[in-house]
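Structural characterization, general
Okay, here's what each chain looks like letter by letter:
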Amino acid sequence: MKAFLIFVAVSVLQKTRAEDGFLPSYIHPCSIADPKFSDCVKEQIVECLPHFTKGIPEYGVPSIDPVDLNDIIIDGNGLKLKFTDAQMHGLSKIDLTGFNLKLGDNEESFELKVKGNLSLTAQYTADGQILILPIRGHGDALIDCDGIEVQIKSNLSHVKDDKGTHFKLVAPNYKYDITNTKIDLKNLFDGNKQLAETTLKFANENWRQLMDDLAPPAIKQIVKTIVKNINKFFSKVTIQQIIHGYQEKQ
């Protein structure tokens, strides 16, 4: 009972401190007057990424590792392939590879590029053929994607409330690239090892054709989740809290 009361007290304290403008210890405001302002913001993003992807409970930002994906359905060119209970793992280990922030212009903008190795787990059902080879089965699916790089660009708008003015990402767009993919589908052809190995070998040699259908909905959901969480964080902190000396245009 004592431990429970301590947990409740800490949770209430975290929420109160967040509402009072408290910033976690790993977030250090940057000054817009600093000649190295861009470097400061970039360093902050690098430092905050692991915390952000694992969740910031006091700001209502949930963990995004793993990311829950909607069902992914491929139905065309002779192939019916469905993934359910799909999750993407590995975002907490991604690296920042590009960053750009434009402030003070008529159109403020934010650009982020991250890269890492991600894996998708799901239950699959398959029937039809991959290019020239038949495929049929159902069971566990594991898809390892090496070197996924995602670039997100978004305009920045301002939202005002009784705490002050906040940033908000609006109209985001994105593009991505994948270096390599390895596909493993269990229980193909009711466990026929020879047929399964032949089909998986062919699928992995021609992974890009399969990922042309599989990747877009998965990446779209990942980007949507990232943008949603960034905006949750922005809604809890004012611009002045994280960027000292920022002057809002009248």
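What you are looking at is a predicted structure, and each value in this text was computed from that prediction instead of being measured.

Residue alternation in strand β9 (residues 180–185) divides its side chains into a buried set, T181, I183 and L185, and an unburied set, N180, K182 and D184. Looking at chain direction, strand β7 (residues 133–161) and β9 are connected through 6 bridges and run antiparallel. Looking at the pairing, I143 lines up with I183 of β9.

Let us now look at the state of the cysteines. A full pass over the atoms with the stated rule returns 1 disulfide. Put simply, C30 and C40 are joined by a disulfide, and their sulfur atoms are 2.0 Å apart. A torsion of -85° about the S-S bond marks the disulfide between C30 and C40 as left-handed. Placement of C30 in strand β1 (residues 30–31) and of C40 in helix α2 (residues 37–54) is noted, with a sequence separation of 10 residues between them. Residue C30 is classed as buried on the basis of its relative accessible area, which comes to 3%. Considering cysteine sulfurs only, C30 is the nearest to C48, which forms no disulfide, with 9.3 Å between them. Judged by its relative accessible area of 14%, C48 falls in the buried class.

It is worth spelling out the nonpolar core at this point. Counting 76 residues, the largest nonpolar core has L69, F83, L185, I222 and F233 as the members making the most contacts within it. Take this core: its biggest share by element is 14 residues, from helix α4 (residues 207–236). Not counting chain neighbours up to four residues away, the residues in contact with L185 comprise F83, Y124, I135, D140, A141 and L200.

This part is about the pattern of salt bridges. In the structure shown here, the tally under the stated rule is 2 salt bridges. Two residues, K186 and D184, come together in a salt bridge whose shortest N-O distance is 3.1 Å. Judged by its relative accessible area of 45%, K186 is partly exposed. By relative accessible area, D184 is classed as partly exposed at 25%. Two residues, K201 and E205, come together in a salt bridge whose shortest N-O distance is 2.6 Å. Of this pair, K201 and E205 both sit in helix α3 (residues 193–205), 4 residues apart, which is roughly one turn of that helix. Of the two residues, K201 and E205, both sit in the exposed class.

As a further point, take α2. Owing to its 3.6 residues per turn, the α-helix aligns residues three or four sequence positions apart on the same side. The terminal C-alpha atoms of α2, which comprises 18 residues, lie 26 Å apart, in line with the 26 Å expected from a rise of 1.5 Å per residue. Burial in α2 covers these residues: F37, V41, Q44, I45, C48, L49, F52 and T53. On its buried face, α2 is in contact with β1, β5 (95–102), β6 (109–130), α4 and β10 (243–244). Two residues or fewer past α2, G55 is found with a positive phi of approximately 105°.

Attention now moves to the confidence of the model for the protein. Residues with a pLDDT of 70 or more make up 90% of the protein, whose mean pLDDT is 87. Predicted confidence for residues 1–20 stays below pLDDT 50, and this span has 6 contacts to residues more than four positions away or in other chains.

What follows concerns the packing of aromatic side chains. What the rule picks out here adds up to 5 aromatic pairs. Taking 5.9 Å as the distance between ring centres and 75° as the angle between the ring planes, the aromatic pair formed by F167 and Y246 counts as edge-to-face. Taken as a pair, F167 in strand β8 (residues 164–177) and Y246 in the segment after β10 lie far apart in primary sequence, 79 residues in all. For F167, a relative accessible area of 6% gives the class buried.

Our focus in this paragraph is the environment of S154. Among the structural elements, S154 can be located in strand β7. The spacing of S154 and K168 is 14 residues in sequence and 9.3 Å in space, taken between C-alpha atoms. Residue contacts for S154: discarding those within four places in its chain leaves E108, S109, F110, L169, V170, A171 and P172. Separated by 3.0 Å, the side chain of S154 and the backbone oxygen of V170 make a polar contact.

Conventions adopted
Residues numbered from 1 in each chain as written. Predicted model: local features only at pLDDT ≥ 70, side-chain atom pairs only at ≥ 80, totals over all residues. Heavy atoms only, no water. Buried < 20%, exposed > 50% of the residue type's maximum accessible area, 1.4 Å probe, protein only. Helix = DSSP H or I, 4+ residues; strand = E, 2+ residues; numbered from the N terminus. Pairing = 2+ DSSP bridges. Disulfide = S-S within 2.5 Å. Core = buried A, V, L, I, M, F, W, Y, C linked by side-chain atoms within 4.5 Å. Contact = heavy atoms within 4.5 Å. Salt bridge = Lys/Arg side-chain N within 4 Å of Asp/Glu carboxyl O. Expected span 1.5 Å × (residues − 1). pLDDT = per-residue confidence, 0-100. Phe/Tyr/Trp six-rings, centres within 6.5 Å; stacked < 30°, edge-to-face > 60°. Polar contact = N/O pair within 3.5 Å; in protein donor to acceptor, adjacent residues only side chain to side chain.

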